[in-house]
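Below are the chains, spelled out letter by letter.
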Amino acid sequence: MTELTDKKLTTKINVSQLSLDILQQNPDRLRNWEEERRHPLHYMKNRWQWENYPKWKYVAPFPLHVDLEADSRCNLKCPMCYRRVFDNMKVNAKEDPNLKFAAMDYDLYKKAVDECVENDLYSLRLSWRGESTLHPRLIDFVAYAKDAGVKEVSFITHGGNLTEEYIKGLIDARLDYISLSIDATAEAYNKLRAPLKFNETVERVANIHRLREEYGEGYPKIKVQGIYNYFEGDILEYYNTFLPITDNISFNVEHDYSVEVNHANKKEDNIFCPYPWQRLTVTATGLVPLCIADWDADVPIGDIKTNTIKEIWHGPQMTRARNLHLENRRMEIKPCAACIRLEDASIEDVAAPLQEASKIYIQQELTQLRKKGKKEKRLPDMKRIDPRIP
């Protein structure tokens, strides 16, 4: 087996999402996102394991994180989404029920959660490729996991179904954090996310913030994530819109999810992927794909209807995938060869406009302080702030 050098351990994977909170002149916001958790010590331990286990090539007894796809269906048709290039899920679903778009069976969900709790899992995310709130029992899903003992439960959503009653249900169920996909400001958003409307979505985010302060003791934490290509001309507007009503504002760069395009441009560059040492993903039907980036379930490695999560985690297919990564042969695996994370824009690609926007933001803050007659705060050196999110 090829021994990895320090150079080969360098990776762009897991840094494709960047933080817009470098614009915030008060670093407490960045600190609070990391520290203000319901179980902060367990969170810090999990983050330490997340960072170091892949470097050590150490396979934990159980995944450090599990994604349970509550629902693989979606009621939007966003043009930038990887769903538009699905093959297996569209072509082969009639022959294989595991490839159908579906809502996860509640008993199957409980089986998975019970195993996760038995193995002291820290975090569980109830989403992957679909819109989680389409599941009629999502609130029950959250409540069951929290009652069973999962320390952090979250999901990603477009937010369109978050009525005030629904938000209160999530708060009562003790959801830990919610991540909302809001790609851009009004004009672009209204086209990308039709029939959703930007102003109505912002109002729903504000409602989550208001209701959690009134009823949830500050939970769930609120994260908004956009797509840089769609708001790069409106960075300050985007940021200032969500600053008062969120805990974290992040973004991705736009990707081309076409397998053909990624195959054509792929270069073998010794990048080391940490995912096989960090997390496991389960589809709404119980199928386990090789990786969270295996959107179309090209390489299924198990099924929780017939196997345990631990068996799959330590199974022959997962072990083979890890070995191929260590031998620098991951390109033999289809989802790895098509992985968009290997060609993400580096932070340097977006640093210049962000730095310029940050200067404008800081000057605005200073102007407001002077108008109020307040003492100017010491401002951070923006060059020293790393906006990458692990």
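Definitions and cut-offs
Residues numbered from 1 in each chain as written. Predicted model: local features only at pLDDT ≥ 70, side-chain atom pairs only at ≥ 80, totals over all residues. Heavy atoms only, no water. Helix = DSSP H or I, 4+ residues; strand = E, 2+ residues; numbered from the N terminus. Buried < 20%, exposed > 50% of the residue type's maximum accessible area, 1.4 Å probe, protein only. Contact = heavy atoms within 4.5 Å. Areas by Shrake-Rupley, 256 points an atom, 1.4 Å probe, with all protein chains shown as cover. Salt bridge = Lys/Arg side-chain N within 4 Å of Asp/Glu carboxyl O. Core = buried A, V, L, I, M, F, W, Y, C linked by side-chain atoms within 4.5 Å. Expected span 1.5 Å × (residues − 1). Polar contact = N/O pair within 3.5 Å; in protein donor to acceptor, adjacent residues only side chain to side chain. Pairing = 2+ DSSP bridges. Axes fitted to C-alpha atoms, helices over the stretch in contact; angles between N-to-C directions. Parallel < 35°, antiparallel > 145°, perpendicular 65-115°, else oblique. Left-handed = near helix turned anticlockwise from the far one by under 90°. Nonpolar A, V, L, I, M, F, W, Y, C, P; charged D, E, K, R; others polar. pLDDT = per-residue confidence, 0-100.

Caption draft 1: Region of the structure containing the overall build of the chain. For the chain, the count of helices and strands is 16 helices and 10 strands. Counting across all 390 residues of the chain, residues that qualify as buried make up 54%. Taking the intrachain contacts of the chain between residues at least 6 apart in sequence as the baseline, contacts between residues at least 24 apart amount to 77%. With the model as given, the accessible surface of the chain reaches about 18,000 Å², and the carbon-plus-sulfur share is 49%.

Caption draft 2: Fine view of the pattern of salt bridges. Scanning the model with the defined rule gives 24 salt bridges in all. Residues Lys55 and Glu51 are paired through a salt bridge, measuring 3.0 Å at the closest nitrogen-oxygen approach. Remark: Glu51 and Lys55 occur in helix α3 (residues 40–56); sequence separation between them is 4 residues, near one turn of the helix. Exposure remark for Lys55: the relative accessible area of 39% places this residue in the partly exposed category. The exposure class assigned to Glu51 is partly exposed, which follows from its relative accessible area of 40%. Lys305 is paired through a salt bridge with Asp303; the nearest N and O atoms lie 3.0 Å apart. By sharing partners, the salt bridges in this structure join Glu164, Lys168, Arg210 and Glu214 into a single network.

Caption draft 3: Spatial organisation of the nonpolar core. Core analysis: the biggest nonpolar cluster contains 82 residues, and Leu68, Tyr109, Leu124, Leu126, Leu180, Ile182 and Phe242 have the highest contact counts within it. With 6 residues, the top contributor of residues to this core is helix α5 (residues 106–118). Once you skip the residues sitting within four places of it in the chain, Tyr109 turns out to touch Leu68, Met104, Leu124, Leu126, Phe141, Val142, Tyr144 and Ala145.

Caption draft 4: Region of the structure containing α5. With 13 residues, α5 should reach 18 Å at 1.5 Å per residue; the first-to-last C-alpha distance of 18 Å fits that figure. Listing the buried residues of α5 in full gives Tyr106, Leu108, Tyr109, Ala112, Val113, Glu115 and Cys116. Packing partners of the buried residues in α5 comprise β2 (65–68), β3 (123–125), α6 (138–148) and α13 (309–313). Measuring from the side-chain oxygen of the N-cap residue of α5 to the backbone nitrogen of Asp107 gives 3.1 Å; that N-cap residue is Asp105.

Caption draft 5: Quick look at the pairing of β2. Burial of the side chains of β2 extends over both faces: His65 and Asp67 are buried on one face and Val66 and Leu68 on the other. Bridge count between β2 and β3: 3 bridges; the pairing is parallel. Looking across to β3, one finds that His65 is bridged to Ser123. Here β2 pairs with strand β8 (residues 279–282) via 4 bridges, running parallel. Residue pairing across strands places Leu68 opposite Val282, the latter belonging to β8.

Caption draft 6: Expanded view of α3. Across its 17 residues, α3 extends 24 Å between first and last C-alpha, which sits within 8% of the 24 Å expected from 1.5 Å per residue. All of the buried residues along α3 are Tyr43, Asn46, Gln49, Trp50, Asn52, Tyr53 and Pro54. Where the residues of α3 are buried, they touch α2 (28–35), β2, β4 (152–157) and β8. Residue Lys57 follows α3 closely and has a positive phi angle near 60°.

Caption draft 7: Just the packing of α6 against helix α7 (residues 164–173), in detail. Between α6 and α7, the shortest axis-to-axis distance is 8 Å and the interhelical angle comes to 15°. Relative to α7, the element α6 lies roughly parallel. As for the relative orientation of α6 and α7, their crossing is right-handed in sense. Facing α6, whose interface residues are Leu138, Ile139, Val142, Ala143 and Lys146, α7 presents Tyr166, Gly169, Leu170 and Ala173.

Caption draft 8: Seen up close, the packing of α7 against helix α9 (residues 198–215). Here α7 crosses α9 at 45°, and the two axes come no closer than 10 Å. Between α7 and α9, the crossing angle belongs to the class labelled oblique. Of the two elements, α7 crosses α9, and the hand of that crossing is right-handed. For the pair formed by α7 and α9, the contact residues are Glu164, Ile167, Lys168 and Ile171 on the first element and Arg204, Asn207, Ile208, Arg210, Leu211, Arg212 and Tyr215 on the second. The class makeup of the residues in the contact of α7 with α9 is 5 nonpolar, 1 polar and 5 charged.

Caption draft 9: Spatial organisation of the confidence of the model for the chain. Considering every residue of the chain, the mean pLDDT works out to 82; 73% of them sit at 70 or more. Every residue in residues 376–390 scores below 50 in pLDDT, and together they form 37 contacts with partners more than four places removed in sequence or on other chains.

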